[in-house]
Structures are given as C-alpha cells and as structure tokens.
Amino acid sequence: QVQLVESGGGLVQAGGSLRLSCAASGRTFRSYTMGWFRQAPGKEREFVAAISGSGGSTYYADSVKGRFTISRDNAKNTVYLQMNSLKPEDTAVYYCAATIAWGVVVTTIPTYNYWGQGTQVTVSS
C-alpha cells in the first residue's frame, strides 16, 4: 500500500512558477513509477508527466514540454513537479499517482494503482 500526499499548489500569475511536491509512504518508493495528472473544471483528468523509479527516464505531455520538469528524491520518498511559464490553461487540480509499470502505458490513468488527494493550481491572466 502506498499513500500519497500532494502539496505546493496555490494561486500564481501567468508566467509565474510553482513547485508541487508529493510525499509517499512506504519503504519501496524507488520501485514505483510516479506520475502527475491534472483535471480542470468540466474536463477529464489528463496526463502531465511521469518519471521512472530510478529517475533516469521521463515522459511529458506535449502541452507542458519545455515548461514543466518532473524529478524525484528517493531518499526523501518525494516526487516533484516544477512548473514554469504557467498559463491560465494550466489551472487544474493536480494529482500524483504511483504504479509499478513502465513504458508508454504510464501516460494512461488506468495504469496507476495509487492516487493522492490532489492540490489546486490556479493561474490568473
């Protein structure tokens, strides 16, 4: 069982930055691929980024490439999402998630077994 707790959301102006954190419980954190997803009001949840257990490989959605960076610190059981050059369309609840899978399937919601409660990110224009 893995428990995930996100933090770091808030209100920021367009062009600004935020860093989200997701703290995980358990002693096998490095065994899990970690992903970030987001859900805007009235829209479906969508993939943002994922990172392998070692941190050596990543996937990004096209909409965030070059602006967002996913990273992890396995010693701290934490995964991060650095978000730069934020746009109003980035406004959403951001969720972290965990899976033991790797490959392109980690860009899909059903792959993930564990989810956090989400943190709100609001970007004003």
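Scope of this entry: the structure provided in the associated data block. Not measured: the values here are computed from a predicted model.

What counts, and at which threshold
Residues numbered from 1 in each chain as written. Predicted model: local features only at pLDDT ≥ 70, side-chain atom pairs only at ≥ 80, totals over all residues. Heavy atoms only, no water. Disulfide = S-S within 2.5 Å. Helix = DSSP H or I, 4+ residues; strand = E, 2+ residues; numbered from the N terminus. Pairing = 2+ DSSP bridges. Axes fitted to C-alpha atoms, helices over the stretch in contact; angles between N-to-C directions. Buried < 20%, exposed > 50% of the residue type's maximum accessible area, 1.4 Å probe, protein only. Contact = heavy atoms within 4.5 Å. Polar contact = N/O pair within 3.5 Å; in protein donor to acceptor, adjacent residues only side chain to side chain. Core = buried A, V, L, I, M, F, W, Y, C linked by side-chain atoms within 4.5 Å.

We now examine the state of the cysteines. On inspection of all chains with the given rule, the structure shows 1 disulfide. Two residues, Cys22 and Cys96, share a disulfide whose sulfurs are 1.9 Å apart. Because the torsion about its S-S bond is 45°, the bridge between Cys22 and Cys96 counts as right-handed. Residue Cys22 is found in strand 3 (residues 18–24), and its partner Cys96 is found in strand 9 (residues 92–99); the two are separated by 74 residues along the sequence.

Turning our attention to the sheet that holds strand 8 (residues 78–83). An order of 1-3-8-7 is seen for the 4 strands of this open sheet, with the pairing classed as antiparallel. Here the strands that pair on one side only, and so sit at the sheet edges, are strand 1 (4–7) and strand 7 (68–73). When strand polarity is set aside, the average angle formed by the axes of neighbouring strands in this sheet is 15°. Where strand 7 lies against strand 8, 6 bridges are found, and the strand directions are antiparallel. Within strand 8, the position partnered with Phe68 by the bridge is Met83.

On to the environment of Tyr112, then. Along the polypeptide, Tyr112 turns up in the loop between strand 9 and strand 10 (114–115). With relative accessibility at 5%, the residue Tyr112 sits in the buried group. Discounting residues that sit within four places of it in the chain, Tyr112 has contacts with Thr33, Met34, Gly35, Phe37, Ala50, Ala97, Ala98, Thr99 and Val106. A distance of 2.6 Å separates a polar side-chain atom of Tyr112 from the backbone oxygen of Val106.

This part is about the nonpolar core. Leu4, Met34, Trp36, Leu81, Met83 and Tyr94 are the most contacted members of the largest nonpolar core, which has 36 residues in total. Every element with two or more residues in this core is listed here: strand 3, strand 4 (33–39), strand 5 (46–51), strand 7, strand 8, strand 9 and strand 11 (119–124). Every residue in contact with Met34, bar those within four places of it in the chain, is listed here: Leu4, Cys22, Phe29, Ala49, Ala50, Ile51, Ile70, Arg72, Val79, Ala97, Ala98 and Tyr112.

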